[in-house]
Amino acid sequence: MAKKSVFVLLILVLAFTALLSACGNNNNAPAAETKTETPTKVEPVVEEKQDVEFSMGYATGDPATKQAIEETINAFTAANPHVTIKNISETSSASYLDWLKTKDAVGEFPDLVELRDTKVFVDAGKVAELPADLHSLFTFLPKLDGKVYNAPISGNPPQGIMYSKKAYADAGITELPKTYDEFLAIQQKLLDSGISPLVVGGKDIWHMGFWINYFLINEVYSQDPDWNSKRTAQTASFTDPAMVQAITDYKELFSKYVDKGWLSTADNQTASILVTGKAAQLFSGPWMIGQIQEADPNFEFGFYAIPNRAGKTIVNGMPGLSGWALSAEAARDADKVDAMKAFITFFFEPAQYSKYLATVNAIPTTAAQVTYETGEQMQEVLRLVQDTTIEKRMAINNWYGDNAIPPQFRNWFYKLLQELVLRDGDVTDYMKQSDVEYDNNVKANQQ
Amino acid sequence: MMATQTIKKKWWTNYAIWFILPSLVFYTAFVIAPTLSSVYLSLTSWDGISPDIRFIGLDNFREIMNSKRVHNAFYNTMIFATVLVLLENVVALGLAMLVDQVRWFRNLFRSIFYFPVLMSGIVMGFIWVIILNYNFGVINQLLDMMGLSSKKVDWLGDPDTALISIILATVWKSSGFFMIIYLAGLQGIPKEMVEAAEIDGASRWQQFRHITFPLLAGAFTVCVMLSMISSLKIFDQIAVMTDGGPGFETETLTYIIYKVAFGELRQGFGTALGIVLFLITLVISFIQIKLLRRREVEM
């Protein structure tokens, strides 16, 4: 059984702010706002208790997140019976952006919505600015063109290897890798011991991003955080040596060490495959910790970030442009705005927010101190987040400002890379296709 | 007398207009107008959500001509349109003949074969995803139990088997529907003709070739037409079973329209693809009707 010590997490505002501020400087977006003072208490705005209803949409791909938000909604509506929240979120294998776009097309864009591709909807005039009286709730608020649109639900978490301790022991692995080559040696040992080294939920296209971005972060963004903007300006190419190296490493890993059924495995099946011993490791984020424990409470597993070839650890972790946002249409209705502000305030109240963070194993974003229990895996995640010597970068589609990529490019790119492995394609040829598609996307978006 | 008739005719004509008008308005608003507007949208770079709609001429159609991904989707659509039509009709006709000849539990068999038709494509897709799953699916579990683990196949993740898996699942779902149409046709064949053929010494195959099949010409035309149209429109199964993957391997024209229009924020390009699909369907249906009608007359 996993040793689950009670780890009381006191988020020190100054330390966390310093960390996040340090992370935010590689983006061409305007400088991030930081808050260090004691947060102004935002009073619930609903005073007249008039009945009000607003719709809500958020990404439900992770069952723990879905459960945690539903519990928050129930608690909020119990405390505010005059507010009705119409939760229109749906679970599908499509990407969250596809789902949201479809909702918009049928005139059902949620009043309060979790946005991950904020720029798309801001450019389309679908989103209102986050009310200023909510800003003080957070330590850090990313800005797009100098404006704040999102109440960040949680910090951008690092991804890492969740490994079966038994599988490691059976394969004679006694030490965690210090370099990427040592990591590959571990994969070979696992394979030789008769277990499939890695489970990947490739049926859900967003799951592909975990691995792909590991390689991009370590080979491309570690050297040049502004690579995306250079690609847009056509001064960088997917055929650049660093990018080709990243994709070659990806192809090698997937061709040799990934479970055979990866393309038809959904993200929500990966925990079962791991705990049943069909595979030894899963590369994902801390939200999976709860799912793995739920799948088998006795399963013993650890978590670590994979170092790069030089032995340096660089993880996903810069604050992104995502979180709760108010739709422009709903923002015209004062009653709805009051109700949505009340919900956001409620969501981030330490007593409520701590439950969410504990369920999802997420990283807090609030200025107020939050205390919650974590296990050994989450402690490692939090160590990575708080260790200022560990560099933080972002996934290809999470960069914003000048570094934003065409929003339609991500899924296409991930699918192309699936095909690259399937067809045993030539990396340079596929990267040339990526250049063409990227430029077409940029051109289409400019027209 | 003539004047009275003219007045009556005019009155009737005017009267009819008032009956037609509501439907005409409705049809124009919800079918004609969107169709015409889609022609315009296909010439734009509209992203589907932005208020800016820019005219780009025939750029979308040029891209369609040059896109490998669209060509692959077109190829898959044609595969569906031929293999699926063939399999659905062969299986449906076979089932109809079996059910027509069985003496006991006839209604039970009809119900069993028709049952999958009642399921939505989404539900059917999920069932087959579970059956075909690499790690937990029934088929691979059976292979495991028989000691054939090395023969396990990633049915929906392997480009060589993904398309055929979707086709077989679709045949399973829709054959019952076509079976009912063939069954109705079979029951309309005069027994005397079959009996006369038997007395004349015709074999089973000869009876089928020269009596049953020609007299099913009407049902055959309807089934092939419906099957062809549904094959060209296939969407649910792909969305649930493969999401067009692995990679872009199982995308069809209808699916790529959805993906580019909604997922890739290219409503203009998606609409242009929609028009191409419309023209393809129109041409195929026209040829099919011509051929099958001629065949019906000849028979």
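### With respect to the nonpolar core
Core analysis: the biggest nonpolar cluster contains 131 residues, and Met162, Trp211, Tyr250, Leu274, Met340, Phe343 and Leu417 of chain A have the highest contact counts within it. Among the elements that make up this core, the one with the highest residue count is helix α7 (residues 205-221) of chain A (12 residues). Each of domain 1 (13-156 + 319-388) and domain 2 (160-316 + 406-446) of chain A accounts for three or more of the residues forming this core. The contact partners of Trp211 of chain A, leaving out residues within four places of it in the chain, are Val200, Tyr250 and Phe283 of chain A. Core analysis: the second largest hydrophobic core is formed by 38 residues, Phe80, Val85, Met124 and Phe269 of chain B among them.

### Focus on the sheet that holds strand β2 (residues 52-57) of chain A
One open sheet accounts for 5 strands, arranged β3-β2-β4-β12-β5 (chain A); its pairing is mixed. Sheet topology places β3 (83-87) and β5 (127-128) of chain A at the edges, where each strand pairs with a single neighbour.

### Points about the sheet that holds strand β8 (residues 196-199) of chain A
Residue and element names in this part refer to chain A. Pairing within the open sheet is mixed, and its 4 strands lie in the order β8-β9-β7-β10. Here the strands that pair on one side only, and so sit at the sheet edges, are β8 and β10 (301-304). Across the sheet, the mean angle from the axis of one strand to that of its neighbour is 25 degrees, orientation sign disregarded. In terms of strand pairing, strand β7 (residues 160-164) meets β10 through 4 bridges, oriented antiparallel. Counted as the bridge partner of Ser164 is Phe301 from β10. Packed on one face of the sheet, helix α14 (residues 376-386) meets β7 and β10 and runs near 5 degrees to β10.

### What about the interface of chain B and chain A?
Listed by partner, the interface residues are 24 residues for chain B and 35 residues for chain A. Considering only residue class, the side of chain B that touches chain A consists of 10 nonpolar, 9 polar and 5 charged.

### A few points about the environment of Pro190 of chain B
Along the polypeptide, Pro190 of chain B turns up in the loop between α7 (159-187) and α8 (191-199). Distance in space between the C-alpha atoms of Pro190 of chain B and Ala33 of chain B is 48 Å, their sequence separation being 157 residues.

### Quick notes on the domain arrangement of chain A
All names here are of chain A. According to the domain assignment, chain A contains domain 1 (13-156 + 319-388) and domain 2 (160-316 + 406-446). Here the C-alpha centroids of domain 1 and domain 2 sit 27 Å apart. Taken together, the 23 residues of domain 1 in the interface contact 25 residues of domain 2. Within the residue set of the side of domain 1 that touches domain 2, elements represented by two or more residues are α2 (63-79), α13 (350-360) and α14. When residues of the side of domain 1 that touches domain 2 are assigned to their parent elements, the largest contribution, 5 residues, is made by α14. Within the side of domain 1 that touches domain 2, the residues separate by chemical class into 9 nonpolar, 11 polar and 3 charged.

What counts and how
- Residues numbered from 1 in each chain as written.
- Chains lettered and ligands numbered in written order.
- Predicted model: local features only at pLDDT ≥ 70, side-chain atom pairs only at ≥ 80, totals over all residues.
- Core = buried A, V, L, I, M, F, W, Y, C linked by C-beta atoms within 7 Å.
- Buried ≥ 20, exposed ≤ 12 C-beta atoms within 10 Å, placed from the backbone.
- Helix = DSSP H or I, 4+ residues; strand = E, 2+ residues; numbered from the N terminus.
- Domains from an automatic or database assignment.
- Contact = placed C-beta atoms within 7 Å.
- Pairing = 2+ DSSP bridges.
- Axes fitted to C-alpha atoms, helices over the stretch in contact; angles between N-to-C directions.
- Nonpolar A, V, L, I, M, F, W, Y, C, P; charged D, E, K, R; others polar.

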